[in-house]
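Commentary on secondary and tertiary structure
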Amino acid sequence: MKHMKYYLIILILYPVFLLAQDKPEIQLQSGQYNGWVEVSPDANFALLSDFGAMILCDLNNGKELRKIPEFSGKLIFFTTDSKNVIYITDSGIVKKWNLYSNQTTEIFKLPPFSEFISISLDLKKIAVKISIYNKIKILDIENNKEILDFKCCDINYQYIKFSPYFNYFLISYKNGIKSNVFDAKTGKLYKELNGELGLMHSVKFSPDETMFLSGNSKELVLWSINKKNPIMTLKGFYMYYQFY
């Protein structure tokens, strides 16, 4: 288990270590870049937010490659092979952008009155929030069928984070006192997290969904999906980025 702790941390931070290996510095004009960055798993590309557009940069030479103007800012991640980017437009359409062919493909259109939450890593499931009913729905993308209809008992949540293949989801509440993990297949409470949680700013699940790393303004905390108490706490480290 001790080795698994360090394996997860290294796995999550691996792109950062790659960037430190003789990668060029990226400089953008003042006011152009607003601080949002996503790095590809192979650390060859970076996506930068530009107030409603995505800027794709080559991390091997620091050059800006291209820009997509229709990005809404609500979703962006690289596929595991680093060849595609998944993003959502202002009109609520989830698209896949192939970085090599520069072609985009429509994956899914959000239902009326819904807000995007997450999409599974295999692109088979999507989670949306129906705010007027305080509900979370998981939908089958291929068949456009509802898999789960989950009503949130407490509207004061900070954010919701799904595991890569939608076996679990975590709800962190705005008061920073409580965070719960739910079974994404049934919607039932899987476990309550114990300890001084603080206001969670971000959560990263391991690829096999057995562990996750949470971050607040003071520390990183490593959890097992099957235990209520933390496995490890790293003081003085933090990760801070917004999930939608």
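Details of the structure are given in the entry above.
What you see is a predicted model, and the numbers here were worked out from it, not measured in a lab. Counting from 1, residues in each chain are numbered in the order their sequence is written. Given that the model is predicted, a residue must reach a pLDDT of at least 70 before its local features are reported, and side-chain atom pairs must reach 80 or more before they are shown or counted; all residues, however, enter totals for whole chains, interfaces and linings. Working from all heavy atoms in the structure, the side-chain values ignore hydrogens and water.

What about the sheet that holds strand β10 (residues 125-130)?
This is how it is decided: Strands pair, by our definition, only if DSSP identifies at least two bridges between them. Here a helix means four or more residues in a row that DSSP labels H or I, a strand means two or more in a row labelled E, and each is numbered from the N terminus. Fitted lines through C-alpha atoms give the axes, limited to the stretch in contact for helices. The angle between two N-to-C directions lies from 0 to 180 degrees.
Strand order in the open sheet formed by 4 strands is β9-β10-β11-β12, with antiparallel pairing between adjacent strands. The open sheet terminates on both sides in strands that have one partner only, identified here as β9 (115-119) and β12 (145-151). Averaged over all neighbouring strand pairs, the angle between strand axes comes to 25°, with direction disregarded. The pairing of strand β11 (residues 135-140) with β12 spans 6 bridges and is classified as antiparallel. Along β12, the bridge assignment pairs lysine 137 with aspartate 149.

Re the packing of aromatic side chains
Applied cut-off: A pair of aromatic rings is counted whenever rings of Phe, Tyr or Trp (Trp by its six-membered ring) have centres within 6.5 Å, and the orientation is called stacked for planes under 30 degrees apart, edge-to-face for over 60 and tilted otherwise. Residue burial is assigned from relative accessible area. The probe radius is 1.4 Å, only protein chains are included, and a residue is buried under 20% of its type maximum, exposed over 50%, and partly exposed in between.
Under the defined criterion, the tally for this structure stands at 9 aromatic pairs. Relative to tyrosine 100, the ring of phenylalanine 45 lies with its centre 6.1 Å away and its plane at 85°, an arrangement referred to as edge-to-face. Here phenylalanine 45 is found in strand β2 (residues 45-49), whereas its partner tyrosine 100 is found in the loop between β7 (93-98) and β8 (104-109), with 55 residues between them in sequence. Classification of phenylalanine 45 by relative accessible area gives buried; the value is 9%. Each ring, one from phenylalanine 205 and one from phenylalanine 212, has its centre 5.2 Å from the other, and the planes form 40°; the classification is tilted.

Considerations on unusual backbone geometry
Residues other than glycine seldom take positive phi values, yet asparagine 102 does so here, at roughly 65°. Residue position: asparagine 102 is located in the loop between β7 and β8. Take asparagine 102: its relative accessible area is 40%, and that puts it in the partly exposed class. Despite not being glycine, asparagine 144 has its phi angle at roughly 55°, a positive value. On the secondary structure map, asparagine 144 appears in the loop between β11 and β12. The class for asparagine 144 is exposed, based on a relative accessible area of 55%.

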